[in-house]
Amino acid sequence: MAAVDLNTVRSTIEARLATELASSPAIPVVFNNMTFDSTAEDTFVQCVTSFGTGSYLTMGGSANSTNSLVGLILLNVFTEEGLGAGSNFVIGKRLRDLYNNITVSNVIFDSPIGPEILASSPEGKFQTQLRITFEIYEDL
């Protein structure tokens, strides 16, 4: 039986992002399973949080043991096409600083990868991507 509530972990990640991008300047954030019209915004960030592998850290069975659960945050930054990469990199720095090698509510974030420029973007948008792995320890 898993001890970690995955929605609590997801909420920790998403709340941190939504708070950061709510001001200075405000940038819309799109999360999984959320309707959004990308043609209505020149700049926005898409966040996809997924959970991956887990491993046993101790041999206690379903009680008195510890597991490790690893996940990935995928952040796609979209800005208006034809303006260059500068805007994306400014937003990318904000996002890197938000998660770079820190622990928040027992979620341990690794160093981000990116922002990397992606060749295939939605029409009219310039896209960069950051990837951040994270880990949670669950005590059973």
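What counts, and at which threshold
Residues numbered from 1 in each chain as written. Predicted model: local features only at pLDDT ≥ 70, side-chain atom pairs only at ≥ 80, totals over all residues. Heavy atoms only, no water. Helix = DSSP H or I, 4+ residues; strand = E, 2+ residues; numbered from the N terminus. Buried < 20%, exposed > 50% of the residue type's maximum accessible area, 1.4 Å probe, protein only. Salt bridge = Lys/Arg side-chain N within 4 Å of Asp/Glu carboxyl O.

**Student:** What's the story with unusual backbone geometry in this structure? I'm lost.
**Tutor:** Omega for the peptide link from Ser24 to Pro25 comes to -20 degrees, which places this bond in the cis form. Along the chain, Pro25 turns up in the loop between α1 (6-20) and β1 (29-31). Going from Gly114 to Pro115, the amide bond is cis rather than trans, its omega being 15 degrees. Mapped onto the fold, Pro115 is located in strand β6 (residues 113-117). In this structure, Asn33 takes a positive phi of about 55 degrees despite not being glycine. When you line up the elements, Asn33 lands in the loop between β1 and β2 (44-56). Classification of Asn33 by relative accessible area gives exposed; the value is 83%. Positioned with a positive phi, Ser105 is a non-glycine residue whose angle comes to about 50 degrees. Looking at the element boundaries, Ser105 is found in the loop between β4 (103-104) and β5 (107-109).

**Student:** Is there a simple way to explain the pattern of salt bridges in this structure?
**Tutor:** Pairing is possible between side chains of opposite charge, provided their charged atoms come close. Using the criterion set out here, one finds four salt bridges in the structure. The residue Asp97 makes a salt bridge to Lys93 at a minimum N-O spacing of 2.5 Å. Of this pair, Asp97 and Lys93 both sit in helix α2 (residues 86-99), four residues apart, roughly one helical turn. The exposure class of Asp97 is partly exposed, given its relative accessible area of 47%. A relative accessible area of 49% means that Lys93 is categorised as partly exposed. Note that Arg131 and Glu116 form a salt bridge whose closest N and O atoms lie 2.8 Å from each other. Pair noted here: Arg131 is in strand β7 (residues 125-139) and Glu116 is in strand β6, with a separation of 15 residues, a long-range link. Overall, Arg131 belongs to the partly exposed group, its relative accessible area being 23%.

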